[in-house]
Amino acid sequence: MRIAEITTPDLRLHHRETDSHTHHPLLSEIELLIQQSEAISKDQPLPQSLPISLRQFLTRLSQLAPFPDNSFKLTIWKLSFRLWNACVDLANAASLQSSLTSAENIANLRHVAADMLFLAKDVTGVPSPTIKSSLFYYKTGLVYHSLKKFDLASDCFERATEIVSKIDIAKISDAGEKKLFLDLNLARSRTAWEISDRNLAVTLLNRAKNLLFGSPDHYKSLSNQFLAFGKSSLSRGDDDCSLNDALRLMNEALDLCEKGLGTAKTREDTTEFTAMRIKTLRFISAVHLQKGEFENVIKCVKVLRNGGNGSDGADQHASLPVLAMKAWLGLGRHSEAEKELRGMVGNNDIPEAVWVSAVEAYFEVVGTAGAETAKGVFLGLLGRCHVSAKAALRVAHRVLGESKGGDNGSRIRANVVAQLVSDERVVALFASEAVTKERKAIHSVLWNSASDHFRAKDYETSAEMFEKSMLYIPHDIENRVFRAKGFRVLCLCYLGHSQLDRALEYIEEAEKLEPNIACSFLKFKIYLQKKEHSCAIGQIDAMTSCLDFSPDYLSLSAHEAISCQALPVAVASLSKFLSFYISGKKMPTTEVVVFRTLVTILTQDIGSETEALNFMLQAQSRASKLGTECFFGLGETGKREQNWFAVTCWNLGSRCGKEKKYELCGEFLRLASEFYGYIDTDESGEDKLMICRSIILSVTAMIALEKQTKSALTETQVKLAAELLVRAGKIMSSSLSDGKDCIMEPELIFMYTLLAYDIHGRLNNSAFQLLVVKTFAGSKSCHYNYLLQLGIFASQSPQSNPDVSTFALNECLSALIASASPEYPTIALIIRKLISIASVHKGDTDDEEAILKMYKQAYRIMVGLKEGEYPTEEGKWLAMTAWNRAALPVRLGQFETAKKWLSIGLEIADKVTGMDTYKACMQDYLAGFQTKVSSA
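Residues numbered from 1 in each chain as written. Predicted model: local features only at pLDDT ≥ 70, side-chain atom pairs only at ≥ 80, totals over all residues. Heavy atoms only, no water.

Undergrad: Please clarify how the overall build of the chain should be interpreted in this entry.
TA: When helices and strands are tallied, the chain shows 46 helices and zero strands. Computed over C-alpha atoms, the radius of gyration of the chain comes to 62 Å, more than 25% over the 30 Å expected from 2.2 N^0.38 for 936 residues, which places it beyond the range of a compact globule. In the chain, which comprises 936 residues, the proportion classed as buried is 47%. Within the chain, contacts between residues at least 6 apart in sequence are counted, and of these 65% link residues at least 24 apart. Accessible surface for the chain amounts to roughly 45200 Å². Of this, 52% is attributable to carbon and sulfur atoms. For the chain, the separation between the mean place of its 107 positive charges and that of its 111 negative charges on side chains is 3 Å. (Helix = DSSP H or I, 4+ residues; strand = E, 2+ residues; numbered from the N terminus. Rg over C-alpha atoms; globule rule 2.2 N^0.38 Å. Buried < 20%, exposed > 50% of the residue type's maximum accessible area, 1.4 Å probe, protein only. Contact = heavy atoms within 4.5 Å. Areas by Shrake-Rupley, 256 points an atom, 1.4 Å probe, with all protein chains shown as cover. Lys, Arg positive; Asp, Glu negative; His and termini not counted. Charge placed at Lys NZ, Arg CZ, Asp CG, Glu CD.)

Undergrad: I'm lost on the environment of Lys512 in this one. Help?
TA: Looking at the secondary structure, you find Lys512 in helix H25 (residues 500–513). Residues Lys512 and Ile831 lie 319 residues apart in sequence; the distance between their C-alpha atoms is 89 Å.

Undergrad: Which parts of the structure should I look at to understand the packing of aromatic side chains?
TA: Aromatic ring pairs: the centre-centre distance and the angle between the two ring planes describe each pair. In this structure the tally under the stated criterion is 31 aromatic pairs. Ring-pair connections join several aromatic residues into one group, and the members of that group are Phe595, Phe631, Phe632, Trp644, Phe645, Phe675 and Tyr678. Arg110 extends its terminal NZ or CZ atom over the ring of Trp84, reaching a point 4.9 Å from the ring centre. Sitting over the ring of Phe807, Lys774 keeps its end group 5.6 Å from the ring centre. (Phe/Tyr/Trp six-rings, centres within 6.5 Å; stacked < 30°, edge-to-face > 60°. Lys NZ or Arg CZ within 6 Å of the ring centre and 35° of its normal.)

Undergrad: Just checking my understanding: could you explain unusual backbone geometry for this structure?
TA: Phi angles above zero are rare outside glycine, and Phe213 is one such case at about 55°. Structurally, Phe213 is set in the loop between helix H10 (198–208) and helix H11 (216–236). With relative accessibility at 30%, the residue Phe213 sits in the partly exposed group.

Undergrad: Whenever I open this one, the side chain of Ser285 confuses me. Can you help?
TA: For Ser285, the location among the structural elements is in helix H13 (residues 267–291). For Ser285, a relative accessible area of 0% puts it in the buried group. Setting aside its immediate chain neighbours within four residues, Ser285 contacts Val297, Cys300, Val301, Leu304 and Leu323.

Undergrad: Please explain the packing of helix H39 (residues 784–796) against helix H41 (residues 824–841) as it appears in this structure.
TA: The relative placement of two packed helices comes down to the angle between their axes together with the axis-to-axis distance. Where H39 contacts H41, the axes come no closer than 11 Å and their chain directions differ by 30°. With respect to their mutual orientation, H39 and H41 come out roughly parallel. In this structure, H39 meets H41 at a crossing whose hand is left-handed. Where H39 approaches H41, its residues Leu788, Ser795 and Gln796 are matched on the opposing element by Thr826, Ile830, Lys833 and Ile837. Split by residue class, the contact of H39 with H41 holds three nonpolar, three polar and one charged. (Axes fitted to C-alpha atoms, helices over the stretch in contact; angles between N-to-C directions. Parallel < 35°, antiparallel > 145°, perpendicular 65-115°, else oblique. Left-handed = near helix turned anticlockwise from the far one by under 90°. Nonpolar A, V, L, I, M, F, W, Y, C, P; charged D, E, K, R; others polar.)

Undergrad: Would you explain the UniProt feature "repeat: TPR" (unreviewed entry) in the chain in this entry?
TA: The UniProt feature table records "repeat: TPR" (unreviewed entry) at residues 134–167 and 484–517. Counting secondary structure, residues 134–167 comes out at 82% helix and 0% strand; the distance between its end C-alpha atoms is 11 Å. Counting secondary structure, residues 484–517 comes out at 82% helix and 0% strand; the distance between its end C-alpha atoms is 12 Å. (UniProt positions renumbered as here; feature names shortened; annotations may be inferred.)

Undergrad: Could you clarify how one ought to interpret the domain arrangement of the chain in this entry?
TA: How big an interface is tends to be expressed through the accessible area that disappears when the partners come together. Along its sequence, the chain is carved into domain 1 (215–311), domain 2 (316–431) and domain 3 (822–935). With eleven residues of domain 1 at the contact, the number on the domain 2 side is twelve residues. The contact between domain 1 and domain 2 buries some 1000 Å² in all, and 78% of this surface belongs to carbon and sulfur atoms. Joining domain 1 to domain 2, the criterion identifies zero salt bridges. In this structure, the connection of domain 1 to domain 2 is made through zero residue pairs in polar contact (both at pLDDT 80 or more). Secondary-structure elements contributing two or more residues to the side of domain 1 that touches domain 2 are H13 and helix H14 (294–306). (Domains from an automatic or database assignment. Buried area = accessible area lost by both parts, 1.4 Å probe. Salt bridge = Lys/Arg side-chain N within 4 Å of Asp/Glu carboxyl O. Polar contact = N/O pair within 3.5 Å; in protein donor to acceptor, adjacent residues only side chain to side chain.)

Undergrad: Would you mind showing me how to read the nonpolar core here?
TA: Here is a general trend for soluble globular proteins: nonpolar side chains tend to be buried in one another's company. Membership of the largest hydrophobic core comes to 156 residues, with the highest contact counts inside it found for Leu54 and Leu61. With twelve residues, the single largest contributor to this core is helix H5 (residues 70–97). If we skip the residues at most four places from it in the chain, Leu54 touches Ile30, Leu33, Ile34, Leu83, Leu109 and Val112. Judged by nonpolar contacts, the second largest core, of 132 residues, contains Phe521, Phe632, Leu787 and Ile851. (Core = buried A, V, L, I, M, F, W, Y, C linked by side-chain atoms within 4.5 Å.)

Undergrad: Before we go on, may I ask you to explain the confidence of the model for the chain in this structure?
TA: Should the pLDDT be low somewhere, the predicted coordinates at that spot are not to be read in detail. Residues with a pLDDT of 70 or more make up 91% of the chain, whose mean pLDDT is 84. Low confidence marks residues 4–22, where pLDDT is under 50. Its contacts with residues over four positions away, or in another chain, come to 16 contacts. (pLDDT = per-residue confidence, 0-100.)

Undergrad: Looking at this structure, how should I read helix H15 (residues 319–330)?
TA: Because the α-helix completes a turn every 3.6 residues, residues three or four places apart line up on one side. A rise of 1.5 Å per residue sets the reference length of H15, with its twelve residues, at 16 Å; its end C-alpha atoms lie 16 Å apart and thus fit the reference within 8%. Most of H15 sits inside the fold, with nine of its twelve residues counted as buried. Of the positions making up H15, those classed as buried are Leu320, Pro321, Val322, Leu323, Ala324, Met325, Ala327, Trp328 and Leu329. Trailing H15 by a residue or two, Gly332 shows a phi angle of about 80°, which is positive. (Expected span 1.5 Å × (residues − 1).)

Undergrad: What exactly am I supposed to notice about helix H29 (residues 567–582) here?
TA: Taking 1.5 Å per residue, 16 residues should reach 22 Å; H29 reaches 24 Å between its end C-alpha atoms and fits that length. When we look at burial in H29, the residues that qualify are Leu567, Val569, Ala570, Val571, Ser573, Leu574, Phe577, Leu578, Phe580 and Tyr581. If you follow the buried residues of H29, they end up packed against helix H26 (517–529), helix H27 (533–544), helix H28 (552–563), helix H30 (591–604) and helix H31 (609–626). Just past H29, the residue Gly584 takes up positive phi, approximately 85°.

Undergrad: I would appreciate a short explanation of the packing of H39 against helix H40 (residues 802–817) in the present structure.
TA: At a minimum axis distance of 8 Å, the contact between H39 and H40 shows a crossing angle of 155°. In terms of orientation, H39 lies roughly antiparallel with respect to H40. The handedness of the crossing between H39 and H40 comes out as left-handed. Seen from H39, the contacting residues are Tyr784, Leu787, Leu788, Leu790, Gly791, Ile792, Ala794 and Ser795; seen from H40, they are Val804, Ser805, Ala808, Leu809, Glu811, Cys812, Ala815 and Leu816. Here the residues of the contact of H39 with H40 are counted per class, giving twelve nonpolar, three polar and one charged.

Undergrad: Can you help me understand a negative patch on the surface in this one?
TA: A grouping of Asp151, Asp155, Glu158 and Glu162 is seen on the molecular surface, where their side chains present a negatively charged patch. Assignment of secondary structure puts Glu162 in helix H8 (residues 150–164). (Patch = residues over 30% accessible without salt bridge, like charges linked within 9 Å, V, L, I, M, F, W, Y side chains within 5 Å.)

If you want it as structure tokens, here you go:
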């Protein structure tokens, strides 16, 4: 505020008499600068040079002290007041501009005015010049304090203190001057507190106790200052030192309130002291709470509520229930704490932030057991007064806590929050656009809690929380995606809980809002678990029609189907997967892996061999088209894949052969030969051997099928078999020429020979039939037993070939005769077979001689044998057939020929046991026949 210039009549007269003495050049310069400050308009900032210039002239002026006369001092006094008033005007203008630099310059200008007044403080004719000088410093210090220039403020307050220290307090009667003494101490104390000189600040307050002068206002000011310092200590930290300082200062404030009540002369003063006392007690309670002195808190609260010690009534401040509740919690008396918390519901004066904080504090201590209470309090408050969405969010977040789900406590908390957020009144809090941020936040809180329970496999709680989160997603176009996402996760929850119908309902709702591959796949998964395989297969086509479809989902579908033991669905999924390879799209896995997986699945299901064969045929076709390296892969990986397909075909063919499924057996084995053909042959020739085995057994299966169905092979089938055998024959010939015939089983070579004979017989290629048998007979693998079978087969089969049969049996006979222990039953059988073949297919005299040689050979074999060593029946057969062969020559008059047969028949009969009677008759007939021939 402006300070009026001193213009008493005596001073005006004195001024006129001495005016010529006061126009000192320095004062004139100072006056010019003051006039500049007075002339500054409100829109112009104060020049920074002005305070500096004034300070320089003031320094020069101080060097003139002591001043020549009182009029000179009075002039300085007047200039000081003019400068001060100019500062007031400038400060008022600067407050509108909010310029910190300008405010500091004005404060410096005030400081110059105070220093100028101090130079003339001992002027006469002015009332209380000392008090006025100190007042200038006091007000300047306040300005510096407000600008946080605490060092300058402290200097001003100290200068003011020094000025008034020479005044005898007892002689002061003016109330304003008494107030200045107190205010100066308080201001100096506040500045000391700000620069962390706590001891000086408290010392100055204690000194101020001597400046109360019995004034209620002084008691109020000092008490408030003690309380302010106490609150500052309380907010500074939770360490014991700070709390003890706060408690000591607040107790001082309380003591001053008590003493101030004794000085109160009006009802207003009494009311103010009472209010200050109650406020101080509340803060003392807070300090005790911070220190953990809960009993003292309860005592303070009881005093406040009882309205004792001069209070006109009980204190109903909003903080009391909170203080009491926290104290009871600290004492472990949760029931009393709950009463305090529930009692807050009826207190309309408690701000929202306070009771939300109280709910949080209660729940933090009590935990899960307090969840129901927290919910009840919140709903009670909701019915009593307006509650913000932010408060509801805080309560829900606090009750849920940081639990990750899976335990009973988390489940209880989640259920309580679910009940809370599903209340229509709570939902209504988040309905407006003004609380969009809070609505998104509570949705996130509920969603995250549901996710935690889902990860803990608590699907029931997770579903409940996801459902409640859906309450906070608006039903508009912008949020369709979020609602669809919510329905999808609910579908997952009910899938995990095996409530498949509910899961299907939710995913259908999601599909209505946002049809995509995720929805389609989840429907597929539901159909699988419901064992509706036809629907699941149909859903595969639905997936491929989605805009965001990726082939990865077909692979995933196959895995899901396999885990559910839905093999037909897995096959359908992988079959669809294969169709994308033909289009040339980049796929997540190689084609050969898909084929291998398909065949593996089908081999687990008995009766699916036909489907497995189809996929094997496709794989072989793709390998031929793309090339083995491109289809199977490079290096060892490719070799393993090739080997797997070859071995699998072999195993499936073997299995089908054992089950007499000869058609499938032949196809699998033929494919096996193809896959083995892709493998690079190693030095051991094992792969070549497997090719031969596969081909030979494949043709064997074709012939077995012919016998099984009693339907002859078609010409195409016969030609295919012949081609296969030619391939096998080349491999065998190559191996034999390389000296590797030892690695081929004799049985395999025999089977090849037998099959080649059969198939080429159907093609009327008798020359090849004989060649293949001769080749076999010349190999190391040949055994007389194989020759015997070949001979018999060649003589009896529909494609009989007497040349082949004769050759094979003769080779077999030679081998038997040459052996160390001839098998005479077999020899006898071969001889009979040879004779029968020759008899059936004889054409001229040479054939007759050949037959005779066989009989003679048989006789020579019998010579020297023990009795019965050569089969008796076979011997009798030889003797009788040889004897009977003479009948026709006898009738035709070919006596020489007849004599040969009669003679060999008798010779053989002579070597056979049990033909004595026959032999006598034969001898008699032969003798008579010879006599008759001689007489003729």
